[in-house]
Amino acid sequence: MDIAYKRSLIHQLDLAVQSIHGIMEQVTDAQLDLQPMPNKRSLWEMLAHLALICAADLHIMNEATQEEMEHFYHIHTPNTIDDMKNTLAKSHRSLVDEMNLWSEEQWMEIKHAYWGTAYSRFEWMLEIVLHLVHHRGQLFTLLCEHASEPKILMFE
């Protein structure tokens with residue numbers, strides 16, 4: 001893969017993670033029970049999920065089974081805001097480190113999710129960025145509606 005594309009993808013990943021971290025910095029423990037509606041994730045659940053997306057989606061990309069993913073979430077789900085911030089940073093760093101090791105051929109290699117979806121590693125990386133941005137938008141909206149608008153840049 002052309003190095004410019006890889007750098008651009010990593011840059012967008014970095015921006016998404018930085019903005020999520022910025023939101024986490026503004027969340028209080030008292031807000032963690034906020035829930036947009038019954039049967040939807042609470043703020044705590046959303047933040048814990050966001051903290052793990054880079055690592056979990058990489059694990060899925062590396063063809064983990066459903067059972068392995070259930071075990072992964074059981075073992076790695078953070079409990080406090082500080083744990084979430086640390087987990088987000090660690091999982092982001094692990095993903096970028098692995099991305100930097102892939103050859104051009106590996107970027108184009110098709111990888112299969114346990115539910116049947118098959119993408120190249122490049123497509124999986126697009127999915128990871130989209131996954132982060134999707135939940136960041138949900139998080140931002142939840143906080144705007146039930147607490148206060150987070151003071152972050154959502155886009156450059």
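Keep in mind that what you see is a predicted model, and the values were worked out from it rather than measured. (Residues numbered from 1 in each chain as written. Predicted model: local features only at pLDDT ≥ 70, side-chain atom pairs only at ≥ 80, totals over all residues. Heavy atoms only, no water.)

For the protein chain, the helix and strand inventory stands at six helices and two strands. Ordered by position in the sequence, the α and β elements of the protein chain form the string α-α-α-α-α-β-β-α. With the C-alpha coordinates aligned to their principal axes, the bounding extent of the protein chain is approximately 45 × 35 × 25 Å. Put simply, the protein chain has 156 residues, and 41% of those count as buried. Put simply, the protein chain shows about 8,700 Å² of open surface, and 52% of that area lies on carbon and sulfur atoms. Across the protein chain, the mean location of the 11 positive side-chain charges is 4 Å away from that of the 23 negative side-chain charges. (Helix = DSSP H or I, 4+ residues; strand = E, 2+ residues; numbered from the N terminus. Buried < 20%, exposed > 50% of the residue type's maximum accessible area, 1.4 Å probe, protein only. Areas by Shrake-Rupley, 256 points an atom, 1.4 Å probe, with all protein chains shown as cover. Lys, Arg positive; Asp, Glu negative; His and termini not counted. Charge placed at Lys NZ, Arg CZ, Asp CG, Glu CD.)

The positions that UniProt labels "domain: DinB-like" (unreviewed entry) are, in the present scheme, residues 12-139. In residues 12-139, helix accounts for 70% and strand for 5%; the two terminal C-alpha atoms are 18 Å from one another. (UniProt positions renumbered as here; feature names shortened; annotations may be inferred.)

Two numbers describe a pair of aromatic rings. These are the distance of the centres and the angle of the planes. As enumerated under the stated definition, the model contains six aromatic pairs in all. Both rings, one in Trp 107 and one in Phe 122, keep their centres 6.4 Å apart while their planes meet at 55°; by these two values the pair is tilted. On the criterion of sequence distance, the pair formed by Trp 107 in helix α5 (residues 104-108) and Phe 122 in helix α6 (residues 121-146) is long-range, its members being 15 residues apart. Ring centres 5.0 Å apart and planes at 70° place the aromatic pair Tyr 119 and Trp 124 in the edge-to-face group. Here a set of aromatic residues connected by ring pairs shows up, and it is made of Tyr 114, Trp 115, Tyr 119 and Trp 124. Directly above the ring of Phe 155 sits Arg 136, whose terminal nitrogen or CZ lies 5.0 Å from the centroid. (Phe/Tyr/Trp six-rings, centres within 6.5 Å; stacked < 30°, edge-to-face > 60°. Lys NZ or Arg CZ within 6 Å of the ring centre and 35° of its normal.)

Mapped onto the elements of the fold, Thr 28 is located in the loop between α1 (3-26) and α2 (43-61). On the basis of relative accessibility, which here comes to 38%, the residue Thr 28 falls in the partly exposed class. Taking the C-alpha atoms as reference points, Thr 28 and Ile 81, separated by 53 residues in sequence, lie 8.1 Å from one another.

Turning next to the nonpolar core. Formed by 44 residues in total, the largest nonpolar core has its most connected members in Leu 13, Met 99, Met 125 and Leu 132. Contributions of two or more residues to this core are made by α1, α2, α3 (66-76), α4 (81-101) and α6. When residues no more than four places from it in sequence are discounted, the contact partners of Leu 13 are Cys 54, His 92, Leu 95, Val 96, Met 99, Met 125, Ile 128, Val 129 and Leu 132. (Core = buried A, V, L, I, M, F, W, Y, C linked by side-chain atoms within 4.5 Å. Contact = heavy atoms within 4.5 Å.)

This paragraph deals with α4. The first and last C-alpha atoms of α4 sit 31 Å apart over 21 residues, in line with the 30 Å expected at 1.5 Å per residue. Considered for burial, the residues of α4 that qualify are Ile 81, Met 84, Lys 85, Thr 87, Leu 88, Ser 91, His 92, Leu 95, Val 96 and Met 99. Projection of α4 onto a plane perpendicular to its axis shows the buried side chains occupying an angular sector of 165°, all on one side. Among the exposed residues of α4, those pointing more than 90 degrees away from its buried face are Asn 86, Lys 90 and Leu 101. Against the buried residues of α4 lie α1, α2, α5 and α6. (Expected span 1.5 Å × (residues − 1). Arc of directions from axis to C-beta.)

Backbone geometry at Asn 39 places phi at a positive 70°, although glycine is not the residue there. Locating Asn 39 in the fold gives a position in the loop between α1 and α2. The exposure class assigned to Asn 39 is exposed, which follows from its relative accessible area of 79%. Of note in the backbone geometry, Glu 63 takes a positive phi value of approximately 70° without being a glycine. Secondary-structure assignment places Glu 63 in the loop between α2 and α3. Residue Glu 63 is classed as partly exposed on the basis of its relative accessible area of 36%.

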